[in-house]
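Below are the chains, spelled out letter by letter.
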Amino acid sequence: MIASNSEYRLKWDAEARAVIYEHKSGSYWSDIFYEAFKDGSIGDNGSSALNITVVNTKTLEWDTVTSASVTEDGAIYTNEAGEMVDAGNIYCGEIENGLRVYYFFEQYKIAVPIDYILEENHIKIQIDSSLIMEDGEEYVLSSVGVAPNFCSVKNSADANIFFPAGNGAIINCSETTEGTLSYQAPIYGRDATIRNPISRQDDEAIRLPVFGAYNSKQGLLGIVEGAIGSTEINVEA
């Protein structure tokens, strides 16, 4: 256990390379599909706590890479005694009331840290952009997908996703709807000063920086606090 208070516990599972945000009742959320990991059915996307988009500086080609696709078994974890276990391209260390996980993308010479901080009644997930490392000339970092699986529910009749398109939408994620919805939009609409060569769906702009997921047992509401002008919300159901 990394941090705790009267209601919540923040844990790091080195084998799963996963952050666990657990309520005292036993319900939890994770940055990977943790149940699928435990039963051995997890895939590459479900086991990725972060993805990045990079651009080749010579060809200008884009590539999106998941953290799972470049990680060997295990992780490096720094405990309170300062002991480290070297077993992959993830480095996890404790910070005040939480932990910082570095994801190293060796091929692209890029490293991105995510901080998970336990506060009174919520968890704060953030990236300090000054700590991002880029040490190559062939690729540059274009965007970062932060904890794409954290606010998620297993497809079932009582599972729902909330996203704030227009006045807001709630999507029921039953087993029959799996793989039928894909939505992506910037908060407060696209920046008109940036040319966008890709035509996307003509939906109403996102007016509120919130999103969520819930089922009959638990729910999670996410609030975007920083970098709103350059943040997109992505939904898959």
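For clarity, every value in this text was computed on a predicted model and none was experimentally measured.

I keep staring at the sheet that holds strand β6 (residues 62-66) and nothing clicks. Help me out?
Neighbouring strands of a sheet are bound in pairs by backbone hydrogen bonds; such pairs are parallel or else antiparallel. On the basis of which strands lie adjacent, the open sheet formed by three strands has the order β6-β5-β13 and antiparallel pairing. The sheet is open, and its two borders are formed by β6 and β13 (139-146), each paired with just one other strand. Neighbouring strand axes in the sheet, compared pairwise and without regard to direction, differ in orientation by 25° on average. Relative to β13, strand β5 (residues 50-56) is paired through seven bridges, and the arrangement is antiparallel. Each residue of the ladder has a partner; that of Val-54, found in β13, is Leu-141.

I keep staring at the pattern of salt bridges and nothing clicks. Help me out?
Once the charged atoms of two side chains with opposite charge are near each other, the side chains can pair. What the rule picks out here adds up to five salt bridges. One salt bridge connects Lys-24 with Glu-7, and the closest N-O pair in it is separated by 3.3 Å. Of the two residues, Lys-24 is situated in the loop between β3 (18-23) and β4 (28-30) and Glu-7 in the loop between β1 (3-4) and β2 (8-13); the sequence distance between them amounts to 17 residues. Given the relative accessible area of 29%, Glu-7 is considered partly exposed. Of the charged contacts, one joins Arg-9 and Glu-22 as a salt bridge, the two residues approaching to 3.1 Å between their closest N and O atoms. Separated by 13 residues along the polypeptide, Arg-9 in strand β2 and Glu-22 in strand β3 bring together distant segments of the chain. Here the salt bridges do not stand alone but share partners, grouping Arg-9, Lys-11 and Glu-22 into one network.

Mind showing me how you'd approach the nonpolar core here?
In a soluble, globular protein the nonpolar side chains are often hidden away together inside. Trp-12, Ile-52, Leu-99, Val-101, Tyr-103 and Tyr-116 are the most contacted members of the largest nonpolar core, which has 47 residues in total. Looking at this core, the element that brings in the most residues is strand β10 (residues 110-118), giving five residues. The contact partners of Ile-52, leaving out residues within four places of it in the chain, are Asp-63, Thr-64, Val-65, Phe-105, Ile-110, Val-112, Leu-141, Ser-143 and Val-144. Counting residues in hydrophobic clusters, the runner-up holds six residues, among them Ala-16, Ala-18, Ile-20 and Ile-32.

So, how was this worked out
- Residues numbered from 1 in each chain as written.
- Predicted model: local features only at pLDDT ≥ 70, side-chain atom pairs only at ≥ 80, totals over all residues.
- Heavy atoms only, no water.
- Pairing = 2+ DSSP bridges.
- Helix = DSSP H or I, 4+ residues; strand = E, 2+ residues; numbered from the N terminus.
- Axes fitted to C-alpha atoms, helices over the stretch in contact; angles between N-to-C directions.
- Salt bridge = Lys/Arg side-chain N within 4 Å of Asp/Glu carboxyl O.
- Buried < 20%, exposed > 50% of the residue type's maximum accessible area, 1.4 Å probe, protein only.
- Core = buried A, V, L, I, M, F, W, Y, C linked by side-chain atoms within 4.5 Å.
- Contact = heavy atoms within 4.5 Å.

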